[in-house]
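# Residue-level structural notes
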Amino acid sequence: MKIDDRFLKDNMMGPNAWRIAEELTRDLHLHQGMRVLDLGCGRGLSSIFLAKKFGVQIFAADLWISECENSARFQQAGVSRLTVPVRCDALHLPFEKGFFDAVLSIDAYHYFGNNDAYFETALKPILKENAAVAIAMPGMKYEVHENVPEEMKTLWDPEALEKWHSIGWWKPKFEPHLKNFKIAEMDCFSAAWSDWLSCGSRYAKEDRLMIETDGGRYMNLIKLTGNVR
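Residues numbered from 1 in each chain as written. Predicted model: local features only at pLDDT ≥ 70, side-chain atom pairs only at ≥ 80, totals over all residues. Heavy atoms only, no water.

Looking now at the overall build of the protein chain. Each helix and strand counted, the protein chain has 10 helices and seven strands in total. A globule of 229 residues ought to have a C-alpha radius of gyration of about 17 Å, and the protein chain, at 17 Å, matches this closely. Seen through its C-alpha atoms, the protein chain measures out along the principal axes to roughly 50 × 40 × 30 Å. Looking at the protein chain residue by residue over its 229 residues, the buried ones come to 54%. (Helix = DSSP H or I, 4+ residues; strand = E, 2+ residues; numbered from the N terminus. Rg over C-alpha atoms; globule rule 2.2 N^0.38 Å. Buried < 20%, exposed > 50% of the residue type's maximum accessible area, 1.4 Å probe, protein only.)

Let's shift gears to the packing of helix α2 (residues 17-24) against helix α3 (residues 45-54). Direction vectors running N to C along α2 and α3 enclose 45°, while the axes themselves pass 8 Å from each other. With respect to α3, the axis of α2 lies oblique. For the pair α2 and α3, the crossing hand works out as right-handed. For the pair formed by α2 and α3, the contact residues are A17, W18, A21 and E22 on the first element and L45, I48, F49 and K52 on the second. Partitioned by chemical class, the residues of the contact of α2 with α3 number six nonpolar, no polar and two charged. (Axes fitted to C-alpha atoms, helices over the stretch in contact; angles between N-to-C directions. Parallel < 35°, antiparallel > 145°, perpendicular 65-115°, else oblique. Left-handed = near helix turned anticlockwise from the far one by under 90°. Contact = heavy atoms within 4.5 Å. Nonpolar A, V, L, I, M, F, W, Y, C, P; charged D, E, K, R; others polar.)

Our next topic: the packing of aromatic side chains. Throughout the structure, instances matching the rule amount to 18 aromatic pairs. When the centroid spacing of 6.1 Å and the interplanar angle of 80° are considered together, the rings of F59 and F95 count as edge-to-face. Placement of F59 in strand β2 (residues 57-62) and of F95 in the loop between β3 (83-87) and β4 (100-106) is noted, with a sequence separation of 36 residues between them. When its relative accessible area of 12% is taken as the criterion, F59 is described as buried. Of the residues examined, F95 reaches a relative accessible area of 16% and is grouped as buried. Both rings, one in F95 and one in F100, keep their centres 4.9 Å apart while their planes meet at 75°; by these two values the pair is edge-to-face. Both residues of the pair, F95 and F100, belong to the buried class. Ring pairs connect the aromatic residues Y109, F112, Y118, F119, W169, W170 and F174, which therefore count as one cluster. Seen from the ring of F99, R35 lies directly overhead, with NZ or CZ sitting 3.9 Å from the centre. (Phe/Tyr/Trp six-rings, centres within 6.5 Å; stacked < 30°, edge-to-face > 60°. Lys NZ or Arg CZ within 6 Å of the ring centre and 35° of its normal.)

Our next topic: the confidence of the model for the protein chain. For residues with low pLDDT, the predicted coordinates do not support detailed interpretation. Summary statistics for the protein chain give a mean pLDDT of 97 and a share of 100% for residues scoring 70 or more. Taken element by element, the predicted model of the protein chain shows its lowest mean pLDDT in helix α7 (residues 158-161) (94) and its highest in strand β1 (residues 35-39) (99). (pLDDT = per-residue confidence, 0-100.)

Before going further, it helps to spend a moment on the nonpolar core. Counting 54 residues, the largest nonpolar core has L30, W156 and M219 as its most contacted members. Examining the composition of this core, we find that six residues originate from one element, α3, more than from any other. Contact partners of L30, with chain neighbours within four places excluded, come to V36, L50, F54, V56 and A102. One finds A90, F100, L123 and W170 within the second-largest nonpolar core, a separate group that totals 33 residues. (Core = buried A, V, L, I, M, F, W, Y, C linked by side-chain atoms within 4.5 Å.)

Most of α3 sits out of view: eight of its 10 residues are buried. Taken residue by residue, α3 has L45, S46, S47, I48, F49, L50, A51 and F54 as its buried positions. G55 sits one or two positions beyond α3 and adopts a positive phi of about 70°.

This part is about unusual backbone geometry. Even without being a glycine, D107 presents a positive backbone phi close to 55°. Turning to its location among the elements, D107 is positioned in the loop between β4 and α5 (109-112). A positive phi is found at N180, a non-glycine position, where the angle reads about 55°. For N180, the location among the structural elements is in strand β6 (residues 178-185).

If you want it as structure tokens, here you go:
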């Protein structure tokens, strides 16, 4: 399944969400009639991917991107019938208990869910029992916060670094709540970042030196999947 390259580059907000979604959903079992929350969808690339691949009903939720903007993008991509753009705060999700059959979140969860309580108190209540959970986020190969490498100190934004963690740090946040739980580094790290760095965004240009200096030593992308207990 492909998407227009210009459309993709114009709507990236970080490492290529389309490529990340492809890997993240490789073993995800979704089908028509399901309601899926795309949490922190940004400009909706992951929502478009889900709609095109699975034909599911997507609720594309984001705090910073308006419903009108994403609605226009979904119309352009030919998935407006399957996508419902929602502008909301992830800390106050406006959905009924047990509303969703699945949740996907790409490059967003670490902003609001990097604590022991968020999944259980804010997200789990709106998911059905056995709902599929698929999350991908930037991370670290190991915890570096107490000993930040000298060469990276000026390249990692302190606010962002505070939210980037290792697999070992994230695992206990989810394992008690999910069966069939899996967590691992993503294979698409280099390709997803390369797509972003070549897209022409001024923010991407600012990230180039960070990725080059890191050289695959510290940063990664983390994926986790499972089903609500």
